[in-house]
Amino acid sequence: MPTLGFALSHLFQLTPNMAIGTIIIACCPGGLASNFFTYWTEGDVTLSVCMTTASTILGIGMMPWCIFLYTQSWVSMSTAVVPSYVDIIVALVVLLVPAAFGMLIQWKAPRAAERIALVLNILVNIGLAAFLVITAIAFTPIFKSSWRPYAVAFLYPLLAFIFGYCVAWIFKRTKQQRKTIAFETGVQNTALALSLINLLILQGKGGKGVSEMMIVPTIHGFAVLSEGFMILGLYWAYKKLILKEKGFASLKKNSQANLVANMEEEEKKTTVDSTCVSPSVASVKTVDEAVQTGP
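Structure report, in brief. This one's a predicted model, so the numbers in the text were calculated from it and none came from an experiment.

To continue, consider the nonpolar core. Ranked by size, the top nonpolar core spans 35 residues in total, and within it I24 and M63 carry the most contacts. Contributions of two or more residues to this core are made by α2 (16-27), α4 (45-70), α6 (85-108), α8 (147-170), α10 (190-202), α11 (209-213) and α12 (215-292). Among the elements that make up this core, the one with the highest residue count is α2 (eight residues). Apart from residues no more than four positions distant in its own chain, I24 is found in contact with M63, I67, P83, A193, I197 and M213. With eight residues, the next largest nonpolar core counts F36, F161, V224 and L225 among its residues.

Moving on, we come to a nonpolar patch on the surface. A surface patch of nonpolar side chains, amounting to about 750 Å² of accessible area, comprises L32, W40, I116, V119, L120, I122, L123, V124 and I126. At seven residues, the largest contribution of residues to the nonpolar patch is made by helix α7 (residues 110-138). Position of V124 relative to the elements: it lies in helix α7. A relative accessible area of 32% places V124 in the partly exposed class.

Glancing now at unusual backbone geometry. Within the chain, Q13 stands out as a residue other than glycine whose phi angle is a positive 50°. Secondary-structure assignment places Q13 in the loop between α1 (2-11) and α2. Among the residues examined, Q13 registers a relative accessible area of 59% and is labelled exposed. For E42, which is not glycine, the phi dihedral falls at a positive 60°. Examined against the element boundaries, E42 turns out to sit in the loop between α3 (33-40) and α4.

Let's shift gears to the packing of α4 against helix α9 (residues 175-186). Two measures define how a pair of helices packs: the angle their axes make with one another and the distance between the axes. Across the interface, α4 lies against α9 with an axial gap of 9 Å and an inter-helix angle of 30°. When the axes of α4 and α9 are compared, the pair comes out roughly parallel. Crossing of α4 over α9 shows right-handed handedness. Contacts between α4 and α9 involve L47, S48, M51 and T52 from the former and Q177, T180, I181 and E184 from the latter.

What follows deals with the environment of H220. Along the chain, H220 falls in helix α12. On the basis of relative accessible area, H220 is assigned to the buried category, the value being 1%. Remark: the alpha-carbon pair of H220 and Y156, spanning 64 residues in sequence, is separated by 8.0 Å. Not counting residues up to four positions away in its chain, the partners in contact with H220 are I25, A153, Y156, P157, G186, Q188 and T190.

The next thing to look at is α9. Over its 12 residues, α9 runs 17 Å from end to end, which matches the ideal 16 Å to within 8%, given 1.5 Å per residue. Buried residues dominate α9, accounting for 10 of its 12 residues.

Conventions we followed
Residues numbered from 1 in each chain as written. Predicted model: local features only at pLDDT ≥ 70, side-chain atom pairs only at ≥ 80, totals over all residues. Heavy atoms only, no water. Core = buried A, V, L, I, M, F, W, Y, C linked by side-chain atoms within 4.5 Å. Buried < 20%, exposed > 50% of the residue type's maximum accessible area, 1.4 Å probe, protein only. Helix = DSSP H or I, 4+ residues; strand = E, 2+ residues; numbered from the N terminus. Contact = heavy atoms within 4.5 Å. Patch = residues over 30% accessible without salt bridge, like charges linked within 9 Å, V, L, I, M, F, W, Y side chains within 5 Å. Areas by Shrake-Rupley, 256 points an atom, 1.4 Å probe, with all protein chains shown as cover. Salt bridge = Lys/Arg side-chain N within 4 Å of Asp/Glu carboxyl O. Axes fitted to C-alpha atoms, helices over the stretch in contact; angles between N-to-C directions. Parallel < 35°, antiparallel > 145°, perpendicular 65-115°, else oblique. Left-handed = near helix turned anticlockwise from the far one by under 90°. Expected span 1.5 Å × (residues − 1).

If you want it as structure tokens, here you go:
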């Protein structure tokens with residue numbers, strides 16, 4: 001995913017600060033919103049939680065390295081700075097605590113875990129939306145930028161969804177797993193990216209360039225939620241309308257097949273009955289003739 005962010009940043013010629021912000025969000029592990037969308041599209045929730053946790057654990061080593069590697073094209077031209085290794089580690093460890101607790105509940109009490117996951121997923125998405133709105137209000141110039149960061153922010157999750165689904169399909173995963181992997185690939189932890197950039201602002205690092213780094217991650221947060229809910233709506237519309245019609249068609253076809261089978265069975269019974277009756281009639285006629293021609 002960092003490669004996708006790197007490619008889009010160069011393709012749309014983002015400014016150095018915007019590009020660094022794009023790389024930060026692209027290097028973040030999976031976000032909790034992926035668990036929400038997986039649950040409501042009837043995906044594999046257990047796999048989703050495991051992938052989110054695994055990406056967060058791997059992020060302890062991979063995220064600082066990827067940020068360092070992919071930002072080299074712009075660091076020398078930018079007044080902004082990238083988050084330090086310590087800041088990233090602390091943020092990821094804070095994320096791991098609730099994830100580990102959730103896996104423990106899933107292991108010990110799976111039924112209770114499903115109910116808790118439903119409530120927490122709704123609360124998390126409400127909290128994320130509130131966080132994005134507050135950030136947008138505090139940094140109003142974010143939405144006054146050119147069309148380029150908007151294009152990157154909306155294309156990135158969409159391409160990531162498609163990429164994740166196609167890879168899962170190539171490896172012959174089930175439909176549930178394909179949906180799960182698609183959401184885990186396309187949903188990055190927006191709150192983590194914005195928190196790291198806000199921390200740079202609080203530390204007084206990077207000057208005005210840091211605010212510009214928030215543009216793509218903030219728009220990306222709105223893009224992920226809007227595209228995720230769009231996919232969710234299309235899924236349920238497909239399930240309610242198309243699958244329902246297919247079900248009726250299949251039921252009608254089965255009914256017709258059963259009717260034809262019953263008619264054939266009745267014809268067979270009629271044929272058998274007529275075959276059994278014919279010899280009896282013949283024997284009766286023979287007896288009558290014998291009586292009439294008697295001595």
